[in-house]
2 protein chains.
Amino acid sequence: MDASRATGALGEDRGPAPARKRTREPEVRRAAILEAARDAFAERGFARTTIREIARRAGVTHGLVMRHFGSKERLFLAAVPSSQNLMAEVAGDPASLPARIARSYVRRMSNSGGNDPFVALIRSVASGEEAAERLLRAMQDDSLEMYRQLVPGPGLEARVSSVGAYLIGVTFSRYVVRSGPLASMSDEELVDHLVPNLRAILLG
Amino acid sequence: MDASRATGALGEDRGPAPARKRTREPEVRRAAILEAARDAFAERGFARTTIREIARRAGVTHGLVMRHFGSKERLFLAAVPSSQNLMAEVAGDPASLPARIARSYVRRMSNSGGNDPFVALIRSVASGEEAAERLLRAMQDDSLEMYRQLVPGPGLEARVSSVGAYLIGVTFSRYVVRSGPLASMSDEELVDHLVPNLRAILLG
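Here the structure is a predicted model, which is why all the values come from computation and not from measurement. (Residues numbered from 1 in each chain as written. Chains lettered and ligands numbered in written order. Predicted model: local features only at pLDDT ≥ 70, side-chain atom pairs only at ≥ 80, totals over all residues. Heavy atoms only, no water.)

Peer 1: Which residues make up the relation of the copies chain B and chain A, and what values do they have?
Peer 2: Of the transformation placing chain B onto chain A, the axial shift is 0.0 Å and the rotation is 180°, giving an RMSD of 0.0 Å. Those values place the two copies in the arrangement expected of a two-fold rotation axis. Of the interface residues in chain B, 100% have counterparts in chain A that sit at the interface too, so the contact is made through matching surfaces. (Least-squares fit on C-alpha atoms with pLDDT ≥ 70 in both. Contact = heavy atoms within 4.5 Å.)

Right, dumping it as structure tokens:
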């Protein structure tokens with residue numbers, strides 16, 4: 001997306017274009033890099049995706065990607081919903097937290113049509129890619145931090161770890177094996193199925 | 001293991017050796033093939049393991065393995081605990097079924113030191129091996145059949161599928177990623193952690 005076209009589309013205020021360009025372009029390019037990264041990681045897995053390939057898809061230079069994100073690992077963590085995004089989605093009353101987790105998970109997987117970097121990450125970890133293992137651990141640490149703020153209590157680490165394991169297994173059944181009841185449920189049925197199980201695992 | 005040595009070890013009754021050989025050897029060789037298959041599948045995954053390699057490890061001919069099992073898929077299904085074995089382990093009162101599932105799962109993974117064909121199967125499925133996907137589905141169909149007899153009721157397919165997903169996720173965390181609370185728990189702690197979660201998922 002071109003910043004000058006976006007400004008033009010407003011149909012008014014063609015004001016100081018260079019200044020607009022400076023303020024808008026970094027956001028636009030950042031978003032383009034993140035979208036290219038999500039697509040590339042989902043299609044090719046973590047190990048086989050290069051910064052160069054992501055830059056090419058986003059129509060920017062390799063150097064710009066590095067300036068924005070510093071490394072492939074950081075770019076991946078930025079491309080998958082971070083604990084900050086999740087926090088915004090699931091924050092609120094602990095009693096209805098399982099429902100918000102289920103809806104957030106199902107919406108995210110549904111939006112990406114199962115072609116989510118999380119699926120690629122599970123595949124990469126399973127094939128023994130160490131960098132992918134470090135990433136999955138980083139994501140798990142992030143989500144533990146988030147849960148600590150929402151539902152503190154004894155044994156939280158184990159309960160959160162089990163929630164993660166359950167969602168990994170559901171992802172595996174629905175988006176990797178793609179057969180059986182978990183694969184054939186509609187999004188709404190899946191939410192209804194997940195909520196009581198997540199409640200039991202997370203809140204006991 | 002040589003059948004004549006086994007007979008000798010009894011220190012008595014060196015009776016009609018050829019007859020003994022005929023009755024004992026098939027069992028002994030079958031067991032040796034299954035053990036070699038478990039090791040090979042666990043070490044090399046499903047796709048890269050050949051019948052020839054299993055025959056070599058078991059000290060038998062390729063033809064004998066084929067006569068006993070017919071195909072690599074059938075050999076795999078015979079090598080991992082089948083629904084028959086599981087049925088014997090978990091049969092009984094539905095109320096304590098979750099505890100028996102947890103103990104049976106933990107004991108089996110513990111006995112194999114995490115070097116279980118089930119872990120290899122998960123890795124193979126994740127890397128997109130179609131034969132491995134068919135195998136995992138066959139195992140899931142087997143276990144559904146087993147649960148149908150133990151805990152009939154509406155929605156059973158989805159509940160059993162979710163139990164399978166949860167155990168796949170736990171296996172993934174404990175034996176593939178090998179970090180976090182699920183990886184560092186002792187076997188007993190893992191059983192205690194799993195039982196209430198399996199009960200909630202399976203029995204509601």
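Peer 1: Account for the interface of chain B and chain A, with residues named and values stated.
Peer 2: The interface of chain B with chain A comprises 31 residues on the first partner and 31 residues on the second. With both chains or domains summed, chain B and chain A bury close to 2600 Å², and 66% of this area falls on carbon and sulfur atoms. Among the residues chain B hides against chain A, the three largest losses belong to Ala126, Phe172 and Val177 of chain B. Together they make up 20% of the total. Remark: the boundary between chain B and chain A carries zero salt bridges. Linking chain B with chain A are ten residue pairs in polar contact (both at pLDDT 80 or more). Looking at the side of chain B that touches chain A, the elements that each hand over two or more residues are helix 8 (117-126), helix 9 (130-150), helix 10 (156-177), helix 11 (181-184) and helix 12 (187-203) of chain B. The element best represented in the side of chain B that touches chain A is helix 10 of chain B, accounting for 14 residues. (Buried area = accessible area lost by both parts, 1.4 Å probe. Salt bridge = Lys/Arg side-chain N within 4 Å of Asp/Glu carboxyl O. Polar contact = N/O pair within 3.5 Å; in protein donor to acceptor, adjacent residues only side chain to side chain. Helix = DSSP H or I, 4+ residues; strand = E, 2+ residues; numbered from the N terminus.)

Peer 1: Explain unusual backbone geometry residue by residue, including any values.
Peer 2: Its identity as a non-glycine residue notwithstanding, Arg178 of chain A has a phi of 55°, on the positive side. Note that Arg178 of chain A resides in the loop between helix 10 (156-177) and helix 11 (181-184).

Peer 1: Any chance you could break down the packing of aromatic side chains for me, citing the residues and the numbers?
Peer 2: All names here are of chain A. Counting across every chain of the model gives seven aromatic pairs over all chains. Between the aromatic rings of Phe41 and Phe76, the centroid separation amounts to 4.9 Å while the plane-to-plane angle is 65°, which identifies the pairing as edge-to-face. Taken together, the positions of Phe41 in helix 2 (residues 17-48) and Phe76 in helix 5 (residues 72-79) put the pair 35 residues apart, joining distant regions of the chain. Residue Phe41 is classed as buried on the basis of its relative accessible area, which comes to 0%. With a relative accessible area of 1%, Phe76 lands in the buried category. (Phe/Tyr/Trp six-rings, centres within 6.5 Å; stacked < 30°, edge-to-face > 60°. Buried < 20%, exposed > 50% of the residue type's maximum accessible area, 1.4 Å probe, protein only.)

Peer 1: Would you mind going over the UniProt feature "DNA-binding region" (unreviewed entry) in chain A in detail, with residue names and values included?
Peer 2: The feature "DNA-binding region" (unreviewed entry), as annotated in UniProt, sits at residues 50-69 of chain A in this numbering. As annotated, residues 50-69 of chain A has a helix share of 80% and a strand share of 0%, and its two end C-alpha atoms lie 13 Å apart. (UniProt positions renumbered as here; feature names shortened; annotations may be inferred.)

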